[in-house]
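A structural walkthrough
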Amino acid sequence: MMASVSLRYLFCLAILLVFCVISAQVDTQISLAQQWQLLIHFAERGNLANDFDAIMFVEAQMPRIVMALMVGAVLGLVGSLMQQLTQNSLVSPMTLGTASGAWLALVAMNVWFPAWVGDYAPLAATTGAMLTLGLVILIAGINNLSGLPVVLAGMAVNILLGAVATAIILLNDQYAKNLFIWGAGDLAQNGWQQVQWLWPKLMIAILIFVFAPRILALLRMGQAGAAARGLNIIPAILGLFTLGIWLVSVSITTVGVISFIGLLAPNIARQLGARTPKDELLLSMLLGAIVLVATDALAMLMSTLTFDVVPSGTAAALIGAPALIWFTRRKLSAQDQLSFSMPKSAYQMRASGVVWMAVGVAVLAVVSLLFGQATIDAHTVWQWQLPSAFDWQVQWPRLTTSIAAGAGLAVAGVLLQRLIYNPLASPDILGISAGATCALVAGSVFIGLNIFDAAPFIAFAGSMAVLGLLLLLGRRHQFAPSMLILTGIALTALIEALVQFALARGDETSYTILSWLAGSTYRVSNVASLWLLFGVAGLMAFALLTSRWLTLISTGRDFAKARGLNVPRAFLLLLCCVALLCAFVTATMGPVAFVGLLAPHMAVMLGAKKAQQQLPVAALMGAGLMILSDWIGQNVVYPSQIAAGTVVSVVGGMYFILLLIKGQRASR
């Protein structure tokens with residue numbers, strides 16, 4: 001047994017050495033023999049003043065490789081620690097949302113307290129990550145750390161904090177432009193300063209090897225068994241989580257957000273036969289270093305081939321997202337099937353109720369036009385006022401876009417939830433909107449497409465590609481909510497990495513893309529708003545005319561087939577309707593989260609339980625939600641503005657969190 005363990009470590013060390021050598025050969029003119037000489041005489045590197053290639057190797061490539069080794073090892077170690085503490089193979093700093101908490105804290109410090117960044121950035125990142133972890137545990141429950149609820153809670157918090165961070169960056173762009181590359185995860189070095197700053201702060205990892213193995217071994221017996229053997233469980237878990245989060249936070253402070261390493265390394269370690277807690281920690285640390293060195297070499301190679309800086313975080317996501325899908329498909333078990341259902345309601349929606357709702361949305365639209373903040377004699381006041389001719393030209397396209405976008409995404413959510421029998425299905429959670437986003441951003445970056453004038457068919461192609469992949473991957477588990485959502489997390493993370501690549505280019509399109517990603521109605525033109533309105537209206541009419549199909553499929557595919565419905569054709573046409581709705585909205589105003597989840601649930605709460613009722617009621621609720629969000633965005637920080645999509649993400653994220661808490665209580 002000891003011989004096999006030693007061989008495993010030797011094999012990993014050999015692989016790590018090979019990847020380090022390969023990484024050193026990318027984009028350099030220094031031969032391997034010269035590299036060896038430079039390593040031997042490293043202490044004399046100050047004598048290289050006249051050799052540019054040698055200076056680049058010693059001061060750029062070597063510290064980059066060392067940084068990849070340190071950060072990869074730390075992420076692998078922390079990932080293993082978190083997975084062993086929770087007994088959950090899908091837990092990592094990314095899926096728990098702690099990386100997003102650290103990122104938000106660093107964004108806030110860079111914007112509002114820039115003088116503190118040099119001294120207190122690690123402390124701020126650690127605080128943000130710890131608060132996020134506490135929130136996730138509060139949502140999922142301390143007894144659900146070993147299942148999927150904690151991962152879903154992490155995803156909800158991740159979306160919520162991401163929306164807040166985006167809003168801060170957009171409102172303070174002059175202070176936050178340097179955050180683009182950092183957010184993408186970049187290992188590029190200009191000397192040894194960052195390495196020298198980071199390595200002493202990572203030495204705290206020694207404490208993990210001193211204290212964690214015994215604690216983790218006891219936790220494998222279960223919390224009751226560990227407590228019976230004298231382990232004070234809560235302080236032990238909290239202490240080890242604090243150590244892990246500190247290590248992740250100082251790494252994020254140095255190189256930015258790099259996802260998936262902490263998820264992949266421990267799973268690979270267990271596949272290679274790691275059995276004891278200490279063995280898994282050590283092997284995960286080695287594998288984390290291997291994976292990050294390899295992905296960083298891939299990022300450098302892609303940069304040389306494309307003549308663009310490809311951040312290391314993007315390369316890690318290109319490998320990690322498919323791996324997350326693969327592990328999800330293999331690890332999903334019966335206890336991971338979550339208990340979710342549509343909200344209950346004692347009400348019964350009638351035709352008059354729909355009419356009154358339409359009147360209410362119309363009144364809300366009028367009020368949003370007439371009431372708001374304005375500047376009078378250098379003072380900001382609330383007032384009722386008819387819009388001037390200029391204000392009307394600005395406001396009516398925004399109002400039209402809000403109504404059409406909210407209604408369209410709400411109908412898309414109803415269709416998805418009924419077609420795949422999943423109350424958590426919505427275009428944003430499943431990654432369908434992200435597919436449209438990816439297609440449009442790629443068109444902007446690679447072919448120079450104006451993202452605000454993009455053709456909907458490009459967004460439609462992206463939405464359909466993701467939708468097809470989701471259906472292909474979800475069929476094995478009968479489209480289980482947990483399976484589809486985790487697949488959506490992986491796809492969304494991959495697409496976000498590609499978007500970060502676009503932002504990290506640092507050209508004049510970066511801020512334009514970021515403002516579009518927030519989901520704003522501000523830049524929508526008159527013509528674009530009308531196209532959106534007519535397109536959504538036509539697709540909604542199709543959905544209403546085919547509501548019988550939806551009712552039959554909702555009852556069951558076999559039942560629908562027995563009633564004479566061509567189920568495959570109806571299923572495909574309705575899914576195409578979903579993709580087109582997402583494409584029209586995303587192409588016009590950018591991605592908007594949670595409307596497709598929130599509006600269908602609100603419709604059911606109001607008593608619209610049949611498909612024919614739920615479609616128009618959800619459309620009205622979605623339209624009203626977007627009108628209100630756009631009005632709040634225009635007035636809450638006047639004269640600045642917050643995008644409607646950001647406001648909806650915050651509101652919808654809170655609702656999703658409440659839904660997770662309710663689902664966990666119902667499953668007890």
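Residues numbered from 1 in each chain as written. Predicted model: local features only at pLDDT ≥ 70, side-chain atom pairs only at ≥ 80, totals over all residues. Heavy atoms only, no water.

Moving on, we get to the overall build of the chain. The helix and strand tally for the chain stands at 28 helices and two strands. Within the chain, the fraction of its 668 residues that count as buried is 58%. Here the analysis covers contacts within the chain between residues at least 6 apart in sequence; of these, 79% occur between residues at least 24 apart. Only carbon and sulfur atoms are counted for the fraction: they give 67% of the accessible area of the chain, which is about 28,100 Å². (Helix = DSSP H or I, 4+ residues; strand = E, 2+ residues; numbered from the N terminus. Buried < 20%, exposed > 50% of the residue type's maximum accessible area, 1.4 Å probe, protein only. Contact = heavy atoms within 4.5 Å. Areas by Shrake-Rupley, 256 points an atom, 1.4 Å probe, with all protein chains shown as cover.)

Turning next to the confidence of the model for the chain. Low-pLDDT stretches of the model should not have their predicted coordinates read in fine detail. Counting all residues, the mean pLDDT for the chain is 80, and 85% of those residues have values of 70 or more. The secondary-structure element of the chain with the lowest mean pLDDT is helix 7 (residues 173–176), recorded at 59, while helix 22 (residues 526–545) shows the highest, at 92. (pLDDT = per-residue confidence, 0-100.)

Before going further, it helps to examine the nonpolar core. Among the nonpolar cores identified, the biggest contains 190 residues, and L219, L415, L419 and F656 are the most heavily contacted of them. Sequence-distant contacts of F656, defined by excluding residues within four places in its chain, comprise L152, M155, A156, L424, I429, F594 and L597. If you look at the next biggest cluster of nonpolar residues, it comprises twelve residues, including A439, L440, W516 and A583. (Core = buried A, V, L, I, M, F, W, Y, C linked by side-chain atoms within 4.5 Å.)

Turning next to the packing of aromatic side chains. Taken as a whole, this structure holds seven aromatic pairs when the rule is applied. Judged by centre distance (5.8 Å) and plane angle (40°), the ring pair of W382 and W631 falls under tilted. Taken together, the positions of W382 in strand 2 (residues 379–384) and W631 in helix 27 (residues 611–635) put the pair 249 residues apart, joining distant regions of the chain. The ring of W197 has K201 lying over it, and the distance from NZ or CZ to the ring centre is 4.1 Å. (Phe/Tyr/Trp six-rings, centres within 6.5 Å; stacked < 30°, edge-to-face > 60°. Lys NZ or Arg CZ within 6 Å of the ring centre and 35° of its normal.)

A word on a nonpolar patch on the surface. Residues W199, M203, I206, L207, V210 and F211 make up a contiguous nonpolar surface patch of roughly 590 Å² in combined accessible area. Sorting elements by how many residues they give to the nonpolar patch places helix 10 (residues 205–219) first, with four residues. Along the chain, the position of V210 falls in helix 10. Judged by its relative accessible area of 53%, V210 falls in the exposed class. (Patch = residues over 30% accessible without salt bridge, like charges linked within 9 Å, V, L, I, M, F, W, Y side chains within 5 Å. Salt bridge = Lys/Arg side-chain N within 4 Å of Asp/Glu carboxyl O.)

Where helix 3 (residues 52–86) meets helix 13 (residues 261–271), the axes come as close as 7 Å, and the angle between the chain directions of the two elements is 70°. With respect to their mutual orientation, helix 3 and helix 13 come out roughly perpendicular. You can see that helix 3 and helix 13 cross each other, and the crossing is right-handed. Contact residues: helix 3 offers G72, L75, G76, G79, S80 and Q83, while helix 13 offers I261, G262, L263, A265, P266, N267 and R270. Counted by class, the contact of helix 3 with helix 13 contains five nonpolar, seven polar and one charged residues. (Axes fitted to C-alpha atoms, helices over the stretch in contact; angles between N-to-C directions. Parallel < 35°, antiparallel > 145°, perpendicular 65-115°, else oblique. Left-handed = near helix turned anticlockwise from the far one by under 90°. Nonpolar A, V, L, I, M, F, W, Y, C, P; charged D, E, K, R; others polar.)

This paragraph deals with helix 9 (residues 193–202). Those residues of helix 9 that fall on the buried side of the exposure criterion are V195, L198 and L202. End-on view of helix 9: buried residues confined to an arc of 75°, all on one side of the axis. On its buried side, helix 9 packs onto helix 3, helix 10 and helix 12 (233–255). (Arc of directions from axis to C-beta.)

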